[in-house]
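As a plain string of letters, each chain reads:
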Amino acid sequence: MYGGLAAAIRTALHREAALVLRREGRPPAELAEHLRHGARVGDVAAVRELRAAAEEMTAVAPSAAADLMLRALELSGRHHPGPDPTAGAQAAGTGAPGAGEPPPEAGGPAAGTGEPPPGAAGLVAGVVRLLASAGRLDEAREIADAHGAPRDAAERAGIAFGLAEALKHAGDDRTVIARTGRALELSGVPVRERARLLAVRAHALMMTGRIDAADDAAREAIANGEAGTGRAANPVEEAVAGEEATAERAAGSGGEVFAQVVGLQARSTVAIFRGELGDALRYAGRSVELADGAGGETAHRHPRLWLGAALTALDRFEEAQEVYAVVERECGRLGTAWALPLLHRFRAELLLAWGRLDDAYAEAETGLRVAEQLSAMALAPALLGVLGQVTLLRGEARAARELLARGRGLAGDGPGLVAEELRWRSGQAPSAGVLAYLVVQEPWTAARLRRVVPGAVECVRDLARRNPGQVSLAAGAAQAEGRLEEAIELYRAGPRPLGLAAALEEAGRREEAVEVYRSCGAAPPVSAPSAGEGSGWAALTGAELRVVRLVAQGMTNREAAAALFLSPHTIDTHLRHAFAKLGVNSRVELTRQALAHEPPAP
């Protein structure tokens, strides 16, 4: 029967139903569907009730809440140009207020003026934020760009923040920096909006490699957030804004919690980049504490993602795994699709560090698919980096190069954490500025880079000193300094089997290394042949080269063992492998080979 009614009649019925429910004092969520179809442009009560209904639904269904906010925006007169959905009812003679139906509330737009009703200022920003949270990024950008002339600095800053959120999810960090910078230069931006702009700006600065600037922005965001809202309450705006925003502004000393949470997330990542792992855990833990206390929109930021990253950096893998499981449940309960690619990225990196290569590949592959579905490609380069690294460890060099090339194409050639990491995984030496960040991820990297990156050994040594409880960094320092037996024992005590395999390989214990690699799902690296597997100078492993160079200098096995912190037995094993690969039978012949391939400097 409903489908057979004319559109004008359906609109009038929805309007009447909304009026009855309003008179009965029913909650906004019950009025919402009728208001969507029956309210008219300029109905301030409908705008207020739709906004309140959206606030009620945000915690569990941000996409549906965004639809209600879009309708509220249309009714406020602030929607981008388009026909009034209720125009048909008015043309049919049913649009005028009927008996017992109040006219639009005082403060609505005067006929023909197009002036928005009071309290509509925050609608555009709210719509853009909800659309971004629900993963509807194209719509968020469209709405923000269609409202290019807001009334005041507060509204302009709010819209800029909502759009920055959408652009950040899409991976356009440079535009985020530009837009937030312009908004922050406006005169009269309230403290609350300023804090939020600084918080999202901090994340964009960090991803473009401007680490110090990111930390400064995050610090300022937290400070502004702790200061509170910085503006007087407007009764009409409070009514339209809904209970959640009002409660957060009334949080007393808690101030603007959202900006504090996002700023602390940024500071946690900056701390990991700098190798300050205890600080990273402290910032992330405080972020979780604040978000759990505030709930609502703030909880939608999922600070446990950053807590999991800090726990991973500290070798606390089981705890990180539990934290990510909580985030996954929260994403399903809250409907926060935007967080899924980030969850898959962080969990894929955890699984890669854990040596669970098949699981890491599946996690990254899922994350890439979700990112493409949401048009949220910010995480695609990092996910492709994980896929490329796993593929490389499996011995599939060509496929790995293709995946890493795709990632580099999306990340660009400029500065930035992900771009640097992709270049490193592709075989390029990393810049000094990101060395600590890469070594925290793979402590055994320092040993591989010591001959091509100045300061690699000092870097891992310093990281181990500043993070005394992190066993993998201690192992990486021992390996880089040539104390291989100690490194092996330390890696055995930690959760990173790929580091153990690398140390075993360097120590010449190939059979053990192969066993560890295969247990992870990796192929034994072709760069580490055992005796009889390949020949010539190029076939020598790094560990064998170090022994050969010392013997060529005239050292005995015992002296070489002392210099390399190895046992004489291990030195003898390396020498036997080197003799076989070079086809020599004496130390004299070995020395001739060394002089031929690495003549002393004049």
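Along each chain, residue indices are assigned from 1 in the same order as the chain's sequence is written. Where local features are concerned, this predicted model is filtered to residues with pLDDT of at least 70; where side-chain atom pairs are given and counted, the filter is 80 or more; whole-chain, interface and lining totals use all residues. The basis for every side-chain value is the complete set of non-hydrogen atoms in the structure, without hydrogens or water.

Thoughts on the overall build of the protein chain
- Along the backbone of the protein chain there are 34 helices and 0 strands.
- Note on exposure labels: buried denotes an accessible area under 20% of the residue type's maximum, exposed denotes more than 50%, and partly exposed covers the range between, all computed with a 1.4 Å probe on protein chains only. Across the 602 residues of the protein chain, 55% fall into the buried class.
- Working rule for contacts: check all heavy atoms of both residues, and any pair within 4.5 Å makes them a contact. Excluding contacts between residues fewer than 6 apart, the proportion of contacts in the protein chain whose partners are at least 24 apart in sequence is 62%.
- Where accessible areas are quoted, they stem from the Shrake-Rupley method and a 1.4 Å probe; at the residue level, only the protein chains shown are allowed to cover. Put simply, the protein chain shows about 24,700 Å² of open surface, and 53% of that area lies on carbon and sulfur atoms. Numbering of helices and strands starts at the N terminus; helices are DSSP runs of H or I of at least 4 residues and strands are runs of E of at least 2.

Describing the pattern of salt bridges
- For this analysis, a salt bridge means a side-chain nitrogen from Lys or Arg found within 4 Å of a carboxyl oxygen belonging to Asp or Glu. Considering all chains together, one arrives at 36 salt bridges under this definition.
- Across the pair Asp-215 and Arg-267 runs a salt bridge whose closest N-O atoms are separated by 2.8 Å. With Asp-215 in helix α11 (residues 211-227) and Arg-267 in helix α14 (residues 257-274), this pair connects stretches of sequence that are 52 residues apart.
- What makes Asp-215 buried here is its relative accessible area of 3%.

Description of unusual backbone geometry
- Even without glycine at this site, His-302 takes up a positive phi of about 50°.
- Of note, His-302 is situated in the loop between α16 (296-299) and α17 (304-313).
- Owing to a relative accessible area of 0%, His-302 belongs among the buried residues under this scheme.
- Phi angles above zero are rare outside glycine, and Asp-315 is one such case at about 70°.
- Inspection of the secondary structure assignment puts Asp-315 in the loop between α17 and α18 (317-334).
- Look at Asp-315 and you get buried, because its relative accessible area is 11%.

Overview of the packing of helix α29 (residues 497-506) against helix α30 (residues 510-520)
- Taken N-terminus to C-terminus, the directions of α29 and α30 make an angle of 155°; their axes are 8 Å apart at the nearest point. Relative to α30, the element α29 is oriented roughly antiparallel. Remark: the crossing between α29 and α30 carries left-handed chirality. Across the interface between the two elements, Pro-497, Leu-498, Leu-500, Ala-501, Ala-502, Leu-504 and Glu-505 of α29 pack against Glu-512, Ala-513, Val-516, Tyr-517 and Cys-520 of α30.
- Three residue categories are used. Nonpolar comprises Ala, Val, Leu, Ile, Met, Phe, Trp, Tyr, Cys and Pro, charged comprises Asp, Glu, Lys and Arg, and polar comprises the others, including Gly. Among the residues forming the contact of α29 with α30, the class breakdown is 10 nonpolar, no polar and 2 charged. Angles shown run from 0 to 180 degrees and are taken between the N-to-C directions of axes, each axis being a line fitted to C-alpha atoms and, for helices, limited to the stretch in contact. Angle categories: roughly parallel below 35 degrees, roughly antiparallel above 145, roughly perpendicular from 65 to 115, and oblique for all the rest. The crossing is said to be left-handed when, going from far helix to near helix, the turn is anticlockwise and less than a right angle, and right-handed when the turn is clockwise.

Digging into the packing of helix α8 (residues 153-170) against helix α10 (residues 191-207)
- Packing of α8 against α10 leaves a shortest axis separation of 9 Å and a crossing angle of 30°. On the basis of their axis angle, the class for α8 and α10 is roughly parallel. Viewed along their axes, α8 and α10 form a crossing whose handedness is left-handed. For the pair α8 and α10, contact is made by Ala-154, Ala-157, Gly-158, Ala-160, Phe-161, Ala-164, Glu-165 and Lys-168 and by Glu-193, Arg-196, Leu-197, Val-200, His-203, Ala-204 and Met-207, respectively.
- Looking at the contact of α8 with α10 residue by residue, the classes come out as 9 nonpolar, 2 polar and 4 charged.

A few points about the nonpolar core
- Take the buried residues of types Ala, Val, Leu, Ile, Met, Phe, Trp, Tyr and Cys, join any two whose side-chain atoms come within 4.5 Å, and each joined set is a nonpolar core. Within the largest apolar cluster, 148 residues are counted, with the highest numbers of intra-cluster contacts made by Ile-143, Leu-305, Tyr-324, Leu-357 and Val-439.
- At 10 residues, α14 tops the list of elements feeding residues into this core.
- Ranked by size, the runner-up nonpolar core spans 17 residues in total, among them Val-548, Val-551, Leu-582 and Val-584.

Considering α17
- Here α17 lies mainly inside the structure; 10 of its 10 residues are buried.
- Looking at the residues trailing α17, positive phi occurs at Asp-315, about 70°.

Regarding the side chain of Glu-349
- Mapped onto the elements of the fold, Glu-349 is located in helix α19 (residues 340-353).
- We classify Glu-349 as buried; its relative accessible area is 19%.
- Think of a polar contact as two N or O atoms within 3.5 Å of one another; within protein, one of them needs to be a possible hydrogen donor and the other a possible acceptor, and neighboring residues in sequence only count if both atoms come from side chains. A polar side-chain atom of Glu-349 sits 3.0 Å from a polar atom in the side chain of Arg-345.

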